[in-house]
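# Working through the structure, step by step
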Amino acid sequence: MCGITGIYAFNMIGRVSMINVANATAALEKRGPDFQDIYNDNTVALGHRRLSIIDPTPEGHQPMWDMGKRYGIVFNGEIYNYRELKKELLAQGMRFQSETDTEVLLNLYIKEGKACLNKLNGFFAFAIFDYQEKSLFIARDRMGIKPLYYLLDDDRLLFASEMKSIIEYGIDKELDYNALYTYLQLNYIPAHKTIFKHVKKLVPGNYIEVKNGEVKVEPYYTIPYNRSKTTDFNYEDQKKKLAELLESSVKKRLVADVPLGSFLSGGVDSSVIAALAKRHKDDLHTFSIGFKDEKFFDETEYARLVAKKIGTDHTVFSLTNDDLYKHVHSILDYIDEPFADSSAIAVYILSQETRKHATVALSGDGADELFAGYNKHAAFHRILEGGGAASMVGALQPLWYLLPKSRNNRIANKFRQLHRFSKGMKMTSKERYWAWAGFVNESNALKLLSDGSKNKLDQQQYVDFKSHLLKHIPDKETINDLLYTDMQLVLPDDMLTKVDRMSMANALEVRVPFLDHALVEFAFELPVESKINGSIRKRIVQDTFRDILPEELYNRPKKGFEVPLLKWFKKEMQHTIKNDLLSDAFVKEQGIFDVRATRQLKKKLFSSNPGDVHARIWGLIVFQYWWKKYGR
C-alpha cells in the first residue's frame, strides 16, 4: 500500500510543472512513511511513497524498473495472485530481481500490455512508463478500492492517489458547482467528478493510455449483470459456492510480510471474515472499537463473543465522546476533498489504534452492498412487495410529518424512518433511490447556495450526471438493480473512500475479501430471495456461516454507529460554528453559500427541535474547513 503521483508533459509548458513532483510526492507521506523516491526526465516524472507490505527490502522500492531499464512503475495496492502469475512468467523466460508483487505486475504488463488487467486479482492504482515509446499506462482496480485522481489539459496529464498531491502541481482550483450541489445532497462527490472543475476521479475498472500523442480513457471491466437471468444453483448449492469463494478470498488476503489482523465490529460481516481468517492464521489478532458514552451503538459485547468462539487475540479500544472529539481536527486536516460521512471519525480512530499492532487489517466492507444489508434495502423490499402495512404507513404520511424526528432518540428515529418511507412510496424508482441515498433534497440543497453560485450551476449537466449515476435503475426495479447501483456509487465513492482515507492517514492497509471480483460476480447471479425477504437481510451470508458464529449475532437489528455530532455542535464546536466556519461574516465574504440559509440552519441547530440538521451542518463544516485549507 502506497501513494503514487506523476506527470506526463506534452510540451514545454507542461514540463515546467515537473518541478513540483517532489512536493506532490511528499504530500502523500502518510500513505507511505517507509520510503520516497522520484524519477524525472523530459517527458515523465513519477513519484512514490512506500508502505512496505510484501518484500520490505530495498529491492521493493519504487519507482521500479525492469531489468532492461525500459519500463518503470509506481504502484499502490496488492496483487493477491502474484505468486501464480510469477510462476507463469518464469516459465516464459521472464527474470526477477525481487520478491514483490510490484515486479510481477510490471513484467506481466511488459508481456501482455493492457490485457494484463484481466489476470489481476487484487486492488490497485498504478502507472507504467515505457521509456522507449514514451507511452504511459494508468489503471484503477475493478471495484474502486484504491483511489486515482487525474487532470488532463493541453499541456500535461497529472495523476495522484490523493487530491492534495494534485494541488501541489499548481493547478487551477476552479470549483465545480455541480459537484458542490451534489455534495450538499449526498455528503460526498461521486466519480468521475471532483470538487475542482478540471480534476477528475478515474472511474473504477478504467484505464488511461497516453500513446503516440493521443490520450484515451477507457473501461476494461464492468461487473457482469443480467437482471433477467440468475443462477441455476439451488439455495444449498448457492451457500456452498459462497463459502468456497469467500474462504478463498480471505486466504489470498492473508499474504503479507508484516503483522496482519482483522477488524471485528460484532456484526455478521466482519465476524465471518475474522472466523475464516482464523482457520488459516493461528495467531490472528482482532480489533474492535467501543463507545462508553453511546451504549446503544456499542457492539463490543458481540465482538468479544465472536473472538472467544473463534479463538483470536482480541483487543477492544473503548472510547468516550471526548476521545472521539479530540480526533475531529486531525481528520478535517487530512480531508483534501469535501467528504462528510461522519462515521469516518470512528474508522480513523480504529485504524490509528490498530496500526499500533498491525500494518494490514481485513474488513467486512462490501457485504451490505452485495447482499442487501442496509435499512434502505429493507424499505425498498417492503415497497416492491406491497401489502397492507406498507400502504398504511403511506396513508399516515401527514401524521409522520407532524411528529418529532431525530436520529438521536429511538422513538423520534422511528418517526423519521416512517416519514422517509411514506414519502419514498410516492416517488419513482430513480427518485426514491436518490432521496434515500442522501441527506438533503435538491430544493433544500439549492437554497443553501448564493445567487452567484446558482448562476454557475449547469442544470443540464447536473441532470445528465445524475441520470448517468442512476442509469441501472429501471422503472420497475428489483433489489438487485439497486445493489448494482450501490456498487457503482455508494460503495466506491462513500464507503471505500472513507476506509481508504482514514486507514491511509494512519499508514494502515485495509483489505476487503467480500470484494474479490469472482465473489462479486457470483453475488450478481443470485436471485433477490437469496439475499433478502420480509424478515432477514443478507440472508445467504447469515445462513451460510451460521454454524461458525455465536447465535447471539442473529435476529438483532443492524445498529451502525452515529457520531454524537449534535452534542459537539451545541458544546465544544459552538464557537467554531457561530464565530468562524459558519459565521455570517465569513459566509458573506466567501460568497459560496446564502447567508440567510446558513443562518436558518444554525437557528434550527441550536433550537430545542434540531431534527436531522446536524448531518447538513457537518457537511458544511467539512466544506468550509477544506475551503480554508485547500479551496481558495
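Relevant structure appears above.
Sequence positions are assigned chain by chain, starting from 1 and proceeding in written order. In keeping with the model being predicted, local features are shown solely for residues with a pLDDT of at least 70 and side-chain atom pairs are shown and tallied solely at 80 or more, while totals for entire chains, interfaces and linings include all residues. As a rule here, side-chain values cover all heavy atoms of the structure and leave hydrogens and water aside.

### Description of the sheet that holds strand β14 (residues 285-291)
- The 5 strands are arranged β15-β14-β13-β16-β17 in an open sheet whose pairing can be described as parallel. Of all strands in the sheet, those with a lone pairing partner are β15 (313-319) and β17 (509-511), marking the two edges. When the angles between neighbouring strand axes are averaged without regard to direction, this sheet yields 30°.
- When checking whether two residues touch, look at their non-hydrogen atoms; a contact exists if any pair is within 4.5 Å. Orientation is described by lines fitted to C-alpha atoms, with helices fitted over the stretch in contact, and by angles between N-to-C directions that extend from 0 to 180 degrees. Elements are defined by DSSP. Helices are runs of H or I of four residues or more, strands are runs of E of two residues or more, and each kind is numbered from the N terminus. Each of β13 (260-263), β14 and β16 (360-362) is contacted by helix α8 (residues 268-280), which is oriented at about 150° to β13, the strand it contacts most. Strand pairing follows a simple DSSP-based rule, namely that at least 2 bridges must link the two strands.

### So, the sheet that holds strand β11 (residues 206-211)
- Spatially, β4-β5-β6-β7-β11-β12 is the arrangement adopted by the 6 strands of the open sheet, whose pairing is antiparallel. Edge positions in the sheet fall to β4 (64-65) and β12 (214-219), since each has one partner strand and no second.
- In the sheet, strand β5 (residues 71-79) pairs with strand β6 (residues 122-130) via 9 bridges, with the strands oriented antiparallel. From the neighbouring strand, valine 74 faces β6, where its bridge partner is alanine 127.
- Contacts from helix α4 (residues 101-112) reach β4, β5, β6 and β7 (135-140), with the element oriented near 125° to β5.

### A look at helix α29 (residues 595-605)
- We call a residue buried when its accessible area falls under 20% of the maximum for its residue type, exposed when it is over 50%, and partly exposed in between, using a 1.4 Å probe and counting protein chains only. Of all the residues in α29, the buried ones are Val595, Ala597, Thr598, Leu601, Lys602 and Leu605. The arc that holds every buried residue of α29, seen down its axis, measures 165°, which confines them to one face. Residues of α29 that are exposed and point more than 90 degrees away from the buried face comprise Arg596, Gln600 and Lys603.
- Packed against the buried residues of α29 are α19 (442-448), α26 (565-570), α27 (574-581), α28 (584-590) and α30 (613-631). Our arc is simply the arc of the directions from the helix axis toward the C-beta atoms.

### Concerning the environment of valine 74
- On the secondary structure map, valine 74 appears in strand β5.
- For the pair valine 74 and isoleucine 4, spaced 70 residues apart in the sequence, the C-alpha separation amounts to 6.1 Å.
- Excluding residues within four positions of it along the chain, valine 74 makes contact with Ile4, Leu46, Gly47, His48, Gln62, Pro63, Ala125, Phe126, Ala127 and Phe159.

### Considerations on the nonpolar core
- Formed by 194 residues in total, the largest nonpolar core has its most connected members in Leu117, Phe126, Leu180, Phe371, Leu515, Trp618 and Phe623.
- Top contributing element to this core by residue count: α30, with 11 residues.
- In contact with leucine 180, other than residues within four places in its own chain, are Ile195, Leu449, Ile592, Phe593 and Phe623.
- Note on terminology: a nonpolar core comprises buried Ala, Val, Leu, Ile, Met, Phe, Trp, Tyr and Cys residues joined through side-chain atoms within 4.5 Å. Val74, Ala125, Leu136 and Phe159 belong to the second-largest nonpolar core, a separate cluster that totals 19 residues.

### Digging into unusual backbone geometry
- The amide bond that connects glutamine 62 to the next residue, proline 63, takes the cis arrangement and shows omega of 0°.
- Relative to the helices and strands, proline 63 resides in the loop between β3 (44-50) and β4.
- Note the cis peptide between alanine 191 and histidine 192, where omega equals 10°.
- Relative to the helices and strands, histidine 192 is located in the loop between α6 (177-186) and β10 (199-201).
- You will see that lysine 69, though not glycine, has its phi angle at about 60°, which is positive.
- As for its placement among the helices and strands, lysine 69 is situated in the loop between β4 and β5.
- The backbone of asparagine 212 sits at a positive phi, close to 55°, despite the residue not being glycine.

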